[in-house]
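Report on the structure
Each chain, written out:
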Amino acid sequence: PLPKNDFSKVYLSNITKAKTKEEALKNFNVEKDNFKHLPFYLLDVADYFKTFWGDKNIKADIYKDIEEIHGDNANVLKVLAYNYQIEDQTEKALLLYEKIVRLRPDYAQSYRDLANIYIEKSFFSKAAALYARYESHIREENTHSLTEIDSIIRTESKNFVLLHGEKIAKGMSSKVYKDIWPVRLVLDWSHTDAEFEVQLIHPDGYYTSYQNTLVENPELLKKQKTLGYSSKQFYIDDLSKGNWKVNIKYFGNRTFEPTYLKATVYYDYNNPVGQTKEVKVFKLSELNQNFSLLEFSISSMLLSLAE
């Protein structure tokens, strides 16, 4: 399994050795100025107060500090947005994704993420306008044609029409071909230089590997940097044969900072009455080790559909 955050980092020692929450908070305030330039220190501290002391308010205050201090760092804002999404604070996530579009107006990822959060907030007209803007003005056929980000955006725009098109124009959803998938998995990562390998393991034991590395796939990473995206989608079309597993091996991002990975799992994808999803966020920092990321089965799908 992925390692739990044990808060054993040296830079957290004065906080974690405290006997009370009040003492821990006092120690944090004393040394905050020395470390606040490190956004992932602040993220770890926020996670510590929420996990160890169960204090959501301190975590929220630290998140405000992060946005104020690192508000021009799109990588950091994405991590905050990921966490707001898993906490169902979609309004705060929306504001961050709008800010990221302003920081990165040439990144395809910026528009894709904003369209998705518009849909979550039921701002369907805004989502439709954003998809139309992407198709007509942002995507250029000579550079974007058939790239992974285009495939993701087209998949999601069709899904949007299937699920919500009738709220925009009568008969719109009937114009989209419906191909239902038992599981669609989308991985998004915070740092644009992150390198990793994803293994999709079949119940029979064989697996397919996706190499997001400069050594194995230099042209792919070049496209990611040029077009501005950090997402990958996978499909699982048969759960009847048993459990599917997803493993990941992380190779770093050319900095000493961790990478945060958001995994969005869609069940019964493209089914207007049955589609559900769940979102998880993982912190990747340990290098060159295989970790179990996710596992899918008929029972997990049925559980999600029942919720």
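It should be noted that the structure appears before, not after, this text.
Presented here is an overview of the structure given in this document. (Residues numbered from 1 in each chain as written. Predicted model: local features only at pLDDT ≥ 70, side-chain atom pairs only at ≥ 80, totals over all residues. Heavy atoms only, no water.)

Here's the deal with the packing of helix H3 (residues 39-53) against helix H5 (residues 74-86)
Heads up, the condition is: Interaxial angles span 0 to 180 degrees and are taken between N-to-C directions of axes, which are lines fitted to C-alpha atoms, for helices over the stretch in contact. A run of DSSP states H or I qualifies as a helix once it reaches four residues; a run of E qualifies as a strand once it reaches two. Both are numbered from the N-terminal end. Between 65 and 115 degrees an angle is taken as roughly perpendicular, under 35 as roughly parallel, over 145 as roughly antiparallel, and anywhere else as oblique. For any helix crossing, the convention is left-handed if the near helix is rotated counterclockwise from the far helix by under a right angle, and right-handed if that rotation is clockwise. It only takes one pair of heavy atoms within 4.5 Å for two residues to be counted as in contact.
Direction vectors running N to C along H3 and H5 enclose 15°, while the axes themselves pass 11 Å from each other. Viewed along their axes, H3 and H5 adopt a mutual orientation that is roughly parallel. When you trace H3 past H5, the crossing you get is right-handed. Between H3 and H5, the residues in contact are Pro39, Phe40 and Leu43 and Val76, Val79 and Leu80, respectively.

Concerning the packing of H3 against helix H4 (residues 56-69)
Packed helices, taken two at a time, are described by their axes: the angle between them and the distance between them. At a minimum axis distance of 8 Å, the contact between H3 and H4 shows a crossing angle of 170°. If you check the angle between H3 and H4, you find them roughly antiparallel. Residue-level contacts link Pro39, Leu42, Leu43, Val45, Ala46, Phe49 and Lys50 of H3 to Lys56, Ile58, Lys59, Ile62, Tyr63, Ile66 and Ile69 of H4.

Quick notes on the nonpolar core
Operational definition: Here, nonpolar core refers to any group of buried Ala, Val, Leu, Ile, Met, Phe, Trp, Tyr and Cys residues whose side-chain atoms link them within 4.5 Å. Note on exposure labels: buried denotes an accessible area under 20% of the residue type's maximum, exposed denotes more than 50%, and partly exposed covers the range between, all computed with a 1.4 Å probe on protein chains only.
In terms of nonpolar packing, the biggest core is built from 80 residues, with Ile15, Phe49, Ile62, Leu185, Leu187, Leu294 and Phe296 touching the most fellow members. With residues up to four places along the chain from it excluded, the contact list for Ile62 reads Phe28, Leu42, Val45, Ala46 and Phe49.

A closer look at the side chain of Lys59
Within the secondary structure layout, Lys59 lies in helix H4. In this structure Lys59 touches Ala46, Lys50 and Glu87, once residues within four positions along its chain are discounted.

With respect to the sheet that holds strand E8 (residues 290-296)
So the rule is basically this: Strands were regarded as paired on the criterion that DSSP finds at least two bridges between them.
With respect to topology, 4 strands assemble into an open sheet ordered E3-E2-E5-E8, the strand pairing being antiparallel. Strands with a single pairing partner mark the edges of an open sheet, and in this sheet they are strand E3 (207-212) and E8. Across the sheet, the axes of successive neighbouring strands diverge by a mean angle of 20°, strand direction being ignored. Across 7 bridges, strand E2 (residues 195-201) lies against strand E5 (residues 244-252) in antiparallel orientation. Of the residues in E5, the one forming a bridge with Val198 is Ile248. Where helix H11 (residues 218-227) meets the sheet, it contacts E2 and E3, and its direction lies at approximately 55° from that of E3.

Quick notes on the packing of aromatic side chains
Threshold: Working definition: rings of Phe, Tyr and Trp (its six-membered ring) pair if their centres are within 6.5 Å, and the pair is stacked with planes under 30 degrees apart, edge-to-face with planes over 60 apart, and tilted otherwise. Placement of a charge over a ring requires the Lys NZ or Arg CZ to be within 6 Å of the ring centre, with the centre-to-atom vector within 35 degrees of the ring normal.
Evaluated as defined, the whole model comprises 16 aromatic pairs. Consider the rings of Tyr118 and Phe123, whose centres lie 6.3 Å apart with planes at 55°: the pair is tilted. Consider the rings of Phe196 and Tyr210, whose centres lie 6.5 Å apart with planes at 50°: the pair is tilted. Placement of Phe196 in strand E2 and of Tyr210 in strand E3 is noted, with a sequence separation of 14 residues between them. This pair shows no difference in class: Phe196 is buried, exactly as Tyr210 is. If you follow Lys232 out to its NZ or CZ, it ends over the ring of Phe234, 5.6 Å from the centre.

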